[in-house]
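# Structural overview for review
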Amino acid sequence: MQGKNYAAVEKIFSECLLNCPNIDLWKYYLYYVRLTKRREEIIKAHEFGLENMGLDISSTQIWSDYINFLKETKTTTQFEESQKMMALRKLYQRAVENPMHNLKAIWEEYDAFENGIDKVLAKSLLAQLSPKYMAARAVYHERKGYLDGIQRNMLARPPRASAKKEHQVALWKKLIVYEKTNPQKLDSPGMRVRVSFTYNQCLMCLYHYPEIWYEAAMYQLENGQQDAATVIFKRSISALPSSLLLHFSYADFLEQQLSNPNEAREVYKSLVNTCQAPLVYIQHMRFERRTAGVEAARTVFKKARQANCPWQVYVASALMEYHQNKDIKVARNIFEFGCSKNFFHETGFLVHYVNFLYHMNDENNIRVLFERVLNSLEKDQTRELWEMYLNLEYIYGDLASISKIEKRRRECFPTFDLSGVHTLVQRYHFMDLWPCSQAEMNSFAGGSFDLKEAASSTGGGGTGGGGLSGLLSGGRADGSKTGGALGSRLTGGSGWSRFPRPNLSKMLPFTNEVASSIQTDFMNSGISLPPTSSATLPSSSTSLGGMNNLSGNNPMQPNDYPGMPQNFGANDTPVPPDLPEFLAPLYSLLPAPSAWTGPFVDVETLINLISEANFPNGPNPPSNLGGGPSGGGKRKNTESDSEDEESTGEGFSKRQRPPPTNDIYRLRHAAKLSKGK
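What comes next is a walk through the structure. Here the structure is a predicted model, which means the values were calculated and not measured.

What counts as what
- Residues numbered from 1 in each chain as written.
- Predicted model: local features only at pLDDT ≥ 70, side-chain atom pairs only at ≥ 80, totals over all residues.
- Heavy atoms only, no water.
- Helix = DSSP H or I, 4+ residues; strand = E, 2+ residues; numbered from the N terminus.
- Contact = heavy atoms within 4.5 Å.
- Axes fitted to C-alpha atoms, helices over the stretch in contact; angles between N-to-C directions.
- Parallel < 35°, antiparallel > 145°, perpendicular 65-115°, else oblique.
- Left-handed = near helix turned anticlockwise from the far one by under 90°.
- Nonpolar A, V, L, I, M, F, W, Y, C, P; charged D, E, K, R; others polar.
- Salt bridge = Lys/Arg side-chain N within 4 Å of Asp/Glu carboxyl O.
- Buried < 20%, exposed > 50% of the residue type's maximum accessible area, 1.4 Å probe, protein only.
- Core = buried A, V, L, I, M, F, W, Y, C linked by side-chain atoms within 4.5 Å.
- Expected span 1.5 Å × (residues − 1).
- Disulfide = S-S within 2.5 Å.
- Polar contact = N/O pair within 3.5 Å; in protein donor to acceptor, adjacent residues only side chain to side chain.
- Phe/Tyr/Trp six-rings, centres within 6.5 Å; stacked < 30°, edge-to-face > 60°.

## Let's talk about the overall build of the protein chain
Each helix and strand in the protein chain was counted, giving 32 helices and zero strands. Within the protein chain, contacts between residues at least 6 apart in sequence are counted, and of these 53% link residues at least 24 apart.

## A closer look at the packing of helix H3 (residues 39-53) against helix H4 (residues 60-71)
Their axes nearest at 10 Å, the elements H3 and H4 cross at an angle of 155°. Judged by the inter-axis angle, H3 sits roughly antiparallel to H4. By crossing handedness, the relation of H3 to H4 is classed as left-handed. Here H3 contributes Arg39, Ile42, Ile43, His46, Glu47, Leu50 and Met53 to the contact with H4, which in turn contributes Ile62, Trp63, Asp65, Tyr66, Phe69 and Leu70. When grouped by side-chain class, the residues that make up the contact of H3 with H4 number nine nonpolar, one polar and three charged.

## Digging into the pattern of salt bridges
The final tally for this structure, using the stated rule, is 21 salt bridges. A salt bridge links lysine 144 to aspartate 148, with the shortest nitrogen-to-oxygen separation between them at 3.7 Å. Look at lysine 144 and you get partly exposed, because its relative accessible area is 31%. With a closest N to O distance of 2.9 Å, arginine 290 and glutamate 255 form a salt bridge.

## Quick word on the nonpolar core
Val313, Phe349, Phe356, Phe370 and Leu385 are the most contacted members of the largest nonpolar core, which has 93 residues in total. Non-local contacts of phenylalanine 370, meaning those with residues more than four positions away in its chain, are made with Val354, Leu385, Met388, Tyr389 and Leu392. Among the nonpolar cores identified, the runner-up in size contains 37 residues, and Ile23, Tyr92, Met100 and Ile106 belong to it.

## Structural notes on helix H5 (residues 78-95)
For H5, with 18 residues, the first-to-last C-alpha span of 26 Å sits near the 26 Å given by 1.5 Å per residue. Packing partners of the buried residues in H5 comprise H3, H4, helix H6 (103-117) and helix H7 (119-147).

## Notes on the environment of serine 403
By the secondary structure assignment, serine 403 is in helix H21 (residues 399-412). On a C-alpha basis, the gap between serine 403 and leucine 390 in space is 9.4 Å, while along the polypeptide they are 13 residues apart.

## Considering the state of the cysteines
All chains considered together, the criterion is met by zero disulfides. Considering cysteine sulfurs only, cysteine 16 is the nearest to cysteine 20, which forms no disulfide, with 6.3 Å between them. Judged by relative accessible area, cysteine 20 falls into the partly exposed class, the value being 26%.

## Thoughts on unusual backbone geometry
Positioned with a positive phi, asparagine 102 is a non-glycine residue whose angle comes to about 55°. Note that asparagine 102 resides in the loop between H5 and H6. The exposed category is assigned to asparagine 102, whose relative accessible area is 55%.

## Things to note about the side chain of glutamate 255
Take glutamate 255: it is sitting in helix H12 (residues 244-256). A distance of 2.9 Å separates the side chain of glutamate 255 from the side chain of arginine 290, its partner in a polar contact. Beyond its immediate sequence surroundings of up to four residues, glutamate 255 is in contact with Asn260, Ala264, Phe287, Arg290 and Thr291.

## Quick notes on the packing of aromatic side chains
Using the criterion set out here, one finds 30 aromatic pairs in the structure. Pairing tryptophan 26 with phenylalanine 48 gives two aromatic rings, centres 5.3 Å apart and planes at 50°, and the pair type is tilted. A residue pair is termed long-range when its members are at least 10 positions apart, and tryptophan 26 in helix H2 (residues 23-36) and phenylalanine 48 in helix H3 qualify at 22 residues. Among the residues examined, tryptophan 26 registers a relative accessible area of 1% and is labelled buried. Residue classification places phenylalanine 48 among the partly exposed residues on the basis of a relative accessible area of 29%. Plain terms: the ring middles of tryptophan 107 and tyrosine 133 are 4.5 Å apart, the flat faces sit at 10° to each other, and that makes the pair stacked. With a gap of 26 residues between them, tryptophan 107 in helix H6 and tyrosine 133 in helix H7 connect regions that are remote in the sequence. Here the two residues tryptophan 107 and tyrosine 133 agree in accessibility, since each one is buried.

## Comments concerning helix H16 (residues 311-323)
Relative to the 18 Å expected for 13 residues at 1.5 Å per residue, H16 spans 18 Å between its end C-alpha atoms, a close match to the ideal helical length. Where burial is concerned, most of H16 is hidden: 10 out of the 13 residues are buried. Those residues of H16 hidden inside the fold are in contact with helix H14 (278-291), helix H15 (294-306), helix H17 (328-343) and helix H18 (347-359).

Below, the structure is given as structure tokens:
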């Protein structure tokens, strides 16, 4: 604008005005229009601004500027003057019904305007508008309470784990819920405009949140505005091109609401070309099966195989062939083809393959598959599979085969279930029925064991009953975490306890690197230590992790700690040349910088917290706590006592602290006394 490049200015406004409902931006736009355009265009621009931003609680200046512009319009005839008065009256009446800042000032202006024309007519018009004005003021105070705390000029950023950001999201959601209650008692179109305006303002700050985009589109769809919902969906996938959630929901919207599968197919094809995530292929297959049939879905699966898709796509295609297409042969071939594609070592894939064979009641092939898998995988990868194998034998096998599999599992994991009682519990329990009491289970587990929680974790399957996923995969059909609470105890999992347990097998003894660096600094500085501590390390049980005690109470030698150097090397942090000489011994006593591994303070966050904190005024420092210059003893005369007790001029003695300024009790007491007078 300063360079008078008005064409570029108008291009910027045309691109961002409708997509950015920011009150400051619209104020600047109207200022530009008043500066460069004629009267008719200025009026149209102000009407356009009120249509899009007149609902904002901070739109008072837009209303006031429009009113003042009409007031300043010069007229030459009585007809033009009457038209001007009518336009001002309509604008005032629209303004006093709108909840916004300084609404009382606009009402007073309108009162003066009407009384300046005709006092009789003014009394009638003001009486009619007064209830609407009072209702607008009430809504204004309510809405302002919801807007307080919302940072409407906050820069839009992707979601992250931040308490401040989560608080902003919660405040916006509360405001949207409030607007949906229709506090202004608007008609259906007016309420829809009001809620849509709130969603648009929310999206300025939460631009990268798919949840808000989806809610805004669904609100339009619930109110029968399919075109508006389409616009929001297109804006959402343009704003978040990597969001699969929004692309899938937009495709479902096109397929179901608009009955336009061709356009929905284009959404999936664009995702395949740009993303190629396995979930894209799976959802594309399901879409093609619904809209184009089996062959189209198989074509998508073929493209996925050519793109070296992971095992989840194979499982999805096989289950689709089995459940939807009822083609058992094709489903089995897909699973076998997946085994040949190096998915034989994927536990999740094998879990689904076993479940599929179980549905087929193919007992022999399930056993063959288990034997192939257990003989080819590492021992740590077979924990869940052993439990599945046992659950299968509980259904199909006899006692000899069950005992054989239990023995093989004990041989594979010899450190678990030494007594064998947990294996018996697993063998005999069924769904939520257990062969022992809660107290007995606690004694077996060596801790707390909740029978109800264990039953729910197996999906009600238990031994030989319930759903398939609960039977073979411990309540999870995706294979990502197999094994119930009882079985996971047997195979070393954490399902037996309510709390996570550390992996003790890989723990090393504590190595006090900080103490080592301190000891090194002592030796390099030439300062002799007491004989009892010349070759010892501080105990790890001392305060501050053993850093406060170098007196030699720990008999452990450096060689007793794995990973501790056999001899202490030179200090790799030389004394800075600008350090005074008398501070060199103190510097040599400090730990080396490499010894500090955190935690590290976020300086910017700390400074912000300090600057925003409201610290109370500290107490007055004591005048003389030692009783005189000598720092102690009795006071020798009473004259000093009387001087200390003299008033400070504010009704308090020098030795008596004045009350705090925010003493609520004293303030209330003073208010009562003033009322009594």
